[in-house]
Amino acid sequence: MTNLSAQPDQQVFHTHRRLLFSVAYRLLGSAADAEDTVQDAWIKWSAAERSQVADPKAYLTRIVSNLALERLRSTRHKRETYVGPWLPEPILTGNDASEIVTDAESVSMAMLVVLETLSPLERAVFVLKEVFGFSHAEIAEAVERSEAAVRQAAHRAREHVRAGRPRFTADRSRQREATEQFLAAAAGGDVNALMELLSPDVTLWTDGGGKVRQALRPVVGAATVAAWFASIGTVSYQGVEPADMKAELVEINAGPGIVFSGHGRVIATLTFDFDADGRIATLHNVANPDKLQAVADGTAYDIRTR
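Here goes a summary of the coordinates provided. Treat the numbers as computed from the prediction; the structure is a model and nothing was measured. (Residues numbered from 1 in each chain as written. Predicted model: local features only at pLDDT ≥ 70, side-chain atom pairs only at ≥ 80, totals over all residues. Heavy atoms only, no water.)

## Notes on the side chain of Thr37
Okay, so step 1: Relative to the helices and strands, Thr37 resides in helix 2 (residues 31–47).
Okay, so step 2: With relative accessibility at 0%, the residue Thr37 sits in the buried group.
Okay, so step 3: Not counting chain neighbours up to four residues away, the residues in contact with Thr37 comprise Ala24, Leu28, Val64, Leu67, Ala68 and Arg71. (Helix = DSSP H or I, 4+ residues; strand = E, 2+ residues; numbered from the N terminus. Buried < 20%, exposed > 50% of the residue type's maximum accessible area, 1.4 Å probe, protein only. Contact = heavy atoms within 4.5 Å.)

## Considerations on the pattern of salt bridges
Okay, so step 1: Scanning the model with the defined rule gives 19 salt bridges in all.
Okay, so step 2: The partner of Arg18 in a salt bridge is Asp302, with the nearest N and O atoms 3.8 Å apart. Here the residue Arg18 occupies a position in helix 1 (residues 6–28), and Asp302 occupies one in the segment after strand 8 (300–301), the gap between them amounting to 284 residues.
Okay, so step 3: Taking the relative accessible area as the measure of exposure, Asp302 reaches 22% and is therefore partly exposed.
Okay, so step 4: If you follow the salt bridges from partner to partner, you end up with Arg18, Asp302 and Arg304 in one network. (Salt bridge = Lys/Arg side-chain N within 4 Å of Asp/Glu carboxyl O.)

## Considerations on the packing of aromatic side chains
Okay, so step 1: In this structure the tally under the stated criterion is 7 aromatic pairs.
Okay, so step 2: For the pair Phe21 and Tyr25, a centre-to-centre distance of 6.0 Å together with 10 degrees between the ring planes defines the contact as stacked. One end of the pair is Phe21 and the other is Tyr25, both in helix 1 and 4 residues apart, which spans about a single turn. Comparing Phe21 with Tyr25, the two get one shared label, buried. (Phe/Tyr/Trp six-rings, centres within 6.5 Å; stacked < 30°, edge-to-face > 60°.)

## As for the environment of Val143
Okay, so step 1: Mapped onto the fold, Val143 is located in helix 8 (residues 136–143).
Okay, so step 2: The spacing of Val143 and Val83 is 60 residues in sequence and 31 Å in space, taken between C-alpha atoms.
Okay, so step 3: If we ignore the near neighbours within four places in the chain, the residues touching Val143 are Asn66, Leu69, Leu121, Ala124, Leu128 and Val150.

## What to know about helix 12 (residues 222–230)
Okay, so step 1: Taken together, the buried positions of helix 12 are occupied by Ala222, Val225, Ala226, Phe229 and Ala230. End-on view of helix 12: buried residues confined to an arc of 135 degrees, all on one side of the axis.
Okay, so step 2: Of the surrounding secondary structure, the elements contacted by the buried residues of helix 12 are helix 10 (172–187), helix 11 (191–197), strand 2 (198–207), strand 3 (219–220), strand 6 (265–274) and strand 7 (280–286). (Arc of directions from axis to C-beta.)

## A few points about the nonpolar core
Okay, so step 1: Grouped together as the largest cluster of nonpolar side chains are 52 residues, with contacts concentrated most on Phe21, Tyr25, Leu115 and Val143.
Okay, so step 2: Those elements that provide at least two residues to this core are helix 1, helix 2, helix 3 (56–80), helix 6 (109–115), helix 7 (120–131), helix 8 and helix 9 (147–164).
Okay, so step 3: Counting residues per element, this core draws most heavily on helix 1, at 9 residues.
Okay, so step 4: One finds Val212, Ala226, Phe229 and Ile280 within the second-largest nonpolar core, a separate group that totals 30 residues. (Core = buried A, V, L, I, M, F, W, Y, C linked by side-chain atoms within 4.5 Å.)

Spelled out as structure tokens, the structure:
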């Protein structure tokens, strides 16, 4: 027999599902973990005494925040022992997300990398306060800490993020143009053209997770990074010859990025951060196959905060 009373509860959860994923992904830096966390939140919501819930949005946010915090703490050791740089799991995003600068910045690869340097509590407090606009009192209830502890964590997190946050430029057309030019120059092996697009102290971070061949340390400097990408068209990678490699310009984490694919599979993603002059300052290259499933699935996530 169908439980008719469950249907409104399903509808309430569905209404807030996008928000819950948006919170979980920013807290975890992994689409797979965020999806699992939202699913776990559904199980808890289904078992809850919902007649006592005055504000479903706040209640569900509290559930997902706590679940994400538990997951962050349990995966911390795994990330500390990771082979090479640990980068977030990239996701495809729609243009609606990139139209709001604060939404785009908070889900950028650069910001997620900075958030990775925070403690789990600091990360949760920062995301809920600075990105989603929750009050200190609401966050204290969500993470089950005193309001004083939350204020202290918020202050520490803001200081860390301010120190590590990259310069953010909102000129989307310039970013897309530079990405297109980069792709053309790399495909043509044009080192000089690449050099013009790169900041002198540009840094390339590559994440292969020990599964595929990648640099285990950051590659620094325009000449070195340009040479790295100019060779793309001359050598095979993961068994894919240059002629069989496809590079597509897409929206990744609310900014212009490139997806490399071949032999029917996604091989890597590349995203960019820009300096004040519109030159490429940082590149994040994810090639660990375990982190490419969300992009391979082709789902464009809606990661708006409102």
